Amino acid sequence: MKKQNFRTLFLIIATFMYLLFGAAVFDALEAKTEEKNKDSLIAKESEIQELYNISDEHMKELNMTILQLKPHKAGVQWKFAGSFYFCMTVITTIGYGHSAPRTILGKLFCMLYALCGIPLNLVMFQSVGERLNVFMAFVVKRIKRLLGFHIDDVSHTELVMLGGFMSILATFLGALAFANFENWPFVDAYYYVFITLTTVGFGDYVALQKENALQEKPSYVAFSILYILIALVIVASVMNLLVLRLLTLNTEDERREQEENQLQQRNHSYEMNHLHDNDLERTFVDCNSHRNNFNRTVYSTEKDFRSFCTCSCLKKSSHNTRTTGNCVKYLHQNAIPNSLPLRHSEYNHFNDDDEMLVQFRESGRSSNRASI
């Protein structure tokens, strides 16, 4: 199995197991409290209904009215400041749910606005996060030089650790600020900041929803919007580093797999070429043995030369030895019985080596003179 497929399968299984683990923990922590709160609210509702003699139908209408009136208690939500705050929650995918469009045109525009704004926001955060990472790398390198480090290179792990520290610091400072402005406990304020910056946005805690803050406290509105955007950039830079690391692992695995495939193809080609070369070498050896047998059979004596070819071509010098077509015809007609048929390629080989044959003929004549 490929490493990419194994990693994908592992991530799917790990995510599913993580969901099971979270469900079990929340079931153990929240189930009993939810039941107690539900029984308490039902008892309170019955008490109020009996005290003021309210019918069930009127009680349902009262509950619906209270739910619909809740967003308006914080003031007007759809003036420019509130609309800007809402647009920020849309394109950042926070989605508190504290306010929502009610008209048909408002809902249609909200879908179109989110469709265009969310990709734009993601690209913006990605780009700004990269610039922030470059700036952090520059700062770390300068600090290393000031401290006298011999190696001032900044590793990926160092950037992740620095980005994580900045994210923790941003959430901590934001929690202090919102705890002061909203009069929340520090744990609730930190919970709000964390849920906001991770773009979960449950909406159980929402800033700027008290004392008509959207219209009466413009400085607090500006601080809230700027803080959320800046803190989201810091978190996005860390996420960019983590995603980049994961993409690097996938790229390295793909590159390694391509190199292995190329190596296998190269080895296969080498084996095929080696087999082809062995076949050629075996054929060449057979041809050489065939020529040796042919030479031993046909050119063994002067008599065989004369019986094989008595034309004047052998008497010419080596640089003028070229056999004509009549010679080829004569060779085929007068070849001795124990000789192999002479093919055109072999005869060309014979022509190329006729200097050796002339020397062999001269050596045969010399031996005959010596015997005489």
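Our subject is the structure listed above.
Bear in mind the structure is a predicted one, so any value in this text is a computation, not a measurement.

Visitor: Requested: an account of the overall build of the protein, with residues and values cited.
Guide: Looking only at helices and strands, one finds twelve helices and zero strands in the protein. Ordering the α and β elements of the protein from the N terminus gives α-α-α-α-α-α-α-α-α-α-α-α. Classification of the 372 residues of the protein by burial places 27% in the buried group. Of the contacts made within the protein by residues no fewer than 6 positions apart, 62% connect residues no fewer than 24 positions apart. Accessible surface, the protein as shown: approximately 26300 Å² in total, 64% of it carbon and sulfur.

Visitor: Tell me what's going on with the side chain of T171, and back it up with residues and numbers.
Guide: When you line up the elements, T171 lands in helix α5 (residues 156-182). Among the polar contacts listed, one links the side chain of T171 to the side chain of Y190, at a separation of 3.1 Å. The residues touching T171, leaving out its near neighbours within four places in the chain, are Y190, V193, L197 and Y227.

Visitor: Which residues make up a negative patch on the surface, and what values go with them?
Guide: Side chains of E30, E34, E35 and D39 sit close together on the surface and give a patch of like negative charge. By secondary structure assignment, the location of E35 is in helix α1 (residues 3-51).

Visitor: Can you tell me about the packing of helix α3 (residues 80-91) against helix α4 (residues 104-147), naming the residues and giving the values?
Guide: Where α3 contacts α4, the axes come no closer than 8 Å and their chain directions differ by 65°. Where α3 crosses over α4, the two elements pack in a sense that is right-handed. Contacts between α3 and α4 pair F86, C87, V90 and I91 from the former with C110, Y113, A114, G117, I118 and N121 from the latter. Of the residues that constitute the contact of α3 with α4, the class distribution is eight nonpolar, two polar and no charged.

Visitor: How would you sum up the nonpolar core? Please name residues and give values.
Guide: In terms of nonpolar packing, the biggest core is built from 30 residues, with Y85, F178, Y192, L208 and I228 touching the most fellow members. Of all elements in the fold, only α3, α4, α5, α6 (186-197), α7 (213-216) and α8 (218-298) reach the threshold of two or more residues within this core. Here this core takes ten residues from α8, the largest share from any one element. Here Y192 is in contact with Y85, Y96, F178, W184, Y205, V206, A207 and I228, once residues within four sequence places are set aside.

Visitor: Could you give an account of the pattern of salt bridges, naming the residues involved and the relevant values?
Guide: Oppositely charged side chains may form a pair once their charged atoms are brought near each other. As enumerated under the stated definition, the model contains two salt bridges in all. Residue K144 pairs with E158 through a salt bridge whose shortest N-O separation is 3.0 Å. Of the two residues, K144 is situated in helix α4 and E158 in helix α5; the sequence distance between them amounts to 14 residues. Judged by its relative accessible area of 12%, K144 falls in the buried class. A relative accessible area of 30% means that E158 is categorised as partly exposed. Residues D152 and R145 are paired through a salt bridge, measuring 2.7 Å at the closest nitrogen-oxygen approach.

Visitor: Give me α6: which residues, what numbers.
Guide: For α6, spanning twelve residues, the distance from its first C-alpha to its last is 16 Å, which sits close to the expected 16 Å at 1.5 Å a residue. Those residues of α6 not exposed but buried are A189, Y192, V193, I195, T196 and L197. Residue T199 follows α6 closely and has a positive phi angle near 60°.

Visitor: Go over a nonpolar patch on the surface with me, naming the residues and quoting the values.
Guide: Taken together, the side chains of F165, L169, F172, L173, L176, F186 and V187 define a hydrophobic patch exposed on the protein surface, amounting to about 670 Å² of accessible area. Of all the secondary-structure elements, those providing two or more residues to the nonpolar patch are α5 and α6. At five residues, α5 tops the list of elements feeding residues into the nonpolar patch. Examined against the element boundaries, V187 turns out to sit in helix α6.

Visitor: Before we move on, can you summarise the packing of aromatic side chains with the specific residues and values?
Guide: Per the counting criterion, the structure on display carries 17 aromatic pairs. Grouping aromatic residues by their ring pairs yields a cluster made of Y85, Y96, F178, F181, W184, Y191, Y192, Y205, Y220, F223 and Y227.

Visitor: How would you explain the side chain of T92 if you had to name every residue and give the values?
Guide: Structurally, T92 is set in the loop between α3 and α4. Taking the relative accessible area as the measure of exposure, T92 reaches 4% and is therefore buried. Here the side chain of T92 touches M88 through a polar contact of 2.4 Å, landing on its backbone oxygen. Aside from chain neighbours lying at most four places away, what touches T92 is N121, F125, T199, L229 and L232.

What counts, and at which threshold
- Residues numbered from 1 in each chain as written.
- Predicted model: local features only at pLDDT ≥ 70, side-chain atom pairs only at ≥ 80, totals over all residues.
- Heavy atoms only, no water.
- Helix = DSSP H or I, 4+ residues; strand = E, 2+ residues; numbered from the N terminus.
- Buried < 20%, exposed > 50% of the residue type's maximum accessible area, 1.4 Å probe, protein only.
- Contact = heavy atoms within 4.5 Å.
- Areas by Shrake-Rupley, 256 points an atom, 1.4 Å probe, with all protein chains shown as cover.
- Polar contact = N/O pair within 3.5 Å; in protein donor to acceptor, adjacent residues only side chain to side chain.
- Patch = residues over 30% accessible without salt bridge, like charges linked within 9 Å, V, L, I, M, F, W, Y side chains within 5 Å.
- Salt bridge = Lys/Arg side-chain N within 4 Å of Asp/Glu carboxyl O.
- Lys, Arg positive; Asp, Glu negative; His and termini not counted.
- Charge placed at Lys NZ, Arg CZ, Asp CG, Glu CD.
- Axes fitted to C-alpha atoms, helices over the stretch in contact; angles between N-to-C directions.
- Left-handed = near helix turned anticlockwise from the far one by under 90°.
- Nonpolar A, V, L, I, M, F, W, Y, C, P; charged D, E, K, R; others polar.
- Core = buried A, V, L, I, M, F, W, Y, C linked by side-chain atoms within 4.5 Å.
- Expected span 1.5 Å × (residues − 1).
- Phe/Tyr/Trp six-rings, centres within 6.5 Å; stacked < 30°, edge-to-face > 60°.

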